[in-house]
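Descriptive analysis of the structure
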Amino acid sequence: MVVVNTTTLPQALDLTTNELKVFEGFVKNPGVTAAKLSGILRMDKSSTYRSVNKLVAENLLIPVPHHDAMTYIAVSPDELKSRYSEKLSSLANIVPALTTFVSSLNSAARRKTTIRTETGIEAVRKALSESLDCKEKLIRELFRTHSFFKQNPEHVGFVLDTLKTRVKNKIAIRQFYATDPTQEHPDIQKIMKNDKRLLKTVRHLPPGLDDMNSMRIWDDTTNIFSEDEEGVTLVITITDKYVTSFMKKIYDFIWNLSKA
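These numbers come from a predicted model, not from an experiment.

Comments concerning the overall build of the protein
Counting its secondary structure elements, the protein contains 10 helices and 10 strands. Out of the 260 residues belonging to the protein, those deemed buried represent 37%. In the protein, of all internal contacts separated by at least 6 residues, the share reaching a separation of at least 24 is 66%. Taken as a whole, the protein presents about 15,800 Å² of accessible surface, with 57% of it coming from carbon and sulfur. Separation of charge centres in the protein, based on 37 positive and 31 negative side chains, amounts to 5 Å.

Remarks on helix α8 (residues 155-168)
For α8, with 14 residues, the first-to-last C-alpha span of 20 Å sits near the 20 Å given by 1.5 Å per residue. Those residues of α8 lying buried are His155, Val156, Phe158, Val159, Thr162, Leu163 and Arg166. Buried residues of α8, viewed axially, fall in a sector of 155 degrees; they line one side. Seen from the open side of α8, the exposed residues pointing more than 90 degrees away from its buried face are Lys164 and Lys168. Lysine 170 sits one or two residues past α8 and shows a positive phi near 60 degrees.

Brief notes about the pairing of strand β6 (residues 172-177)
Both strand β5 (residues 138-143) and β6 contribute to a ladder of 6 bridges, which runs parallel. Bridging across to β6, arginine 140 finds its partner in arginine 174. Relative to strand β7 (residues 200-204), β6 runs parallel, the two sharing 5 bridges. Counterpart to phenylalanine 176 in the pairing with β7 is arginine 203.

Thoughts on the sheet that holds β7
Spatially, the 7 strands line up as an open sheet ordered β4-β10-β9-β8-β5-β6-β7, and their pairing is mixed. Two strands lie at the open edges of the sheet, namely β4 (114-119) and β7, each paired on one side alone. Within the sheet, the average angular offset between the axes of one strand and its neighbour, ignoring direction, is 15 degrees. Here strand β8 (residues 213-218) pairs with strand β9 (residues 221-227) via 6 bridges, running antiparallel. Pairing of tryptophan 218 across the sheet is with threonine 221, part of β9.

Some thoughts on unusual backbone geometry
In this structure, lysine 137 is a non-glycine residue whose phi angle is positive, near 65 degrees. Topologically, lysine 137 is positioned in the loop between α6 (121-131) and β5.

Let's talk about a nonpolar patch on the surface
Together, Tyr84, Leu88, Leu91, Ile94, Leu98, Phe101, Val102 and Leu105 line one region of the surface with nonpolar side chains, adding up to about 730 Å² of accessible area. Along the chain, leucine 105 falls in helix α5 (residues 78-108). For leucine 105, a relative accessible area of 47% corresponds to the partly exposed category.

Cut-off values and rules
Residues numbered from 1 in each chain as written. Predicted model: local features only at pLDDT ≥ 70, side-chain atom pairs only at ≥ 80, totals over all residues. Heavy atoms only, no water. Helix = DSSP H or I, 4+ residues; strand = E, 2+ residues; numbered from the N terminus. Buried < 20%, exposed > 50% of the residue type's maximum accessible area, 1.4 Å probe, protein only. Contact = heavy atoms within 4.5 Å. Areas by Shrake-Rupley, 256 points an atom, 1.4 Å probe, with all protein chains shown as cover. Lys, Arg positive; Asp, Glu negative; His and termini not counted. Charge placed at Lys NZ, Arg CZ, Asp CG, Glu CD. Expected span 1.5 Å × (residues − 1). Arc of directions from axis to C-beta. Pairing = 2+ DSSP bridges. Axes fitted to C-alpha atoms, helices over the stretch in contact; angles between N-to-C directions. Patch = residues over 30% accessible without salt bridge, like charges linked within 9 Å, V, L, I, M, F, W, Y side chains within 5 Å. Salt bridge = Lys/Arg side-chain N within 4 Å of Asp/Glu carboxyl O.

Next up, the structure:
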């Protein structure tokens, strides 16, 4: 008898290894009794009988009386494919309910906090791109010209592309700028202003707060872009409802005290 690879097949069909083995036995030996198949398979009778009863209940075996004994015939093996397809359909139908259930559990969780640290221009772009999914539709930003603008001139183009996407996604931005706009790249100068079309409001950062850091605050996330004396930029991303809520309060407090 050919042995079926039953490593995962029984689980896929909601059958036990013995049940699948007995089904195969009746496919190859139709019309025998459970006792006879037990001997052919060298399986103890109690296990064989249990498997037969389960397969009959699952409509995979057909009982056929023969004289004083009961024999069995396996249905077409193609039924196993149908069985598996039905299981897949059933699982697919459960996905929406499962998604809703998991979402409700996550919402009920006390606190979800992640802290990510990365370096380099790609980390900067990653953080900016993520903020374009802002559900709150408002980004709070403290902008300064980091050295990566000079190290990577093409970054200006990336910033302009993110602006277009932000406007397309109808996400407004409040922006402190900490340097003299006239010292910026010409294309950056053009967007460092109040502009309803760009959904943008800018204000001067109060004296004494300009240093080597900038930040972007949105939803439950705070991005901090921290540059050292060698021009290396560390991007710290904190995702936490309570920390970011506090950062928003500090930002808004300074914003309300600042001049346009």
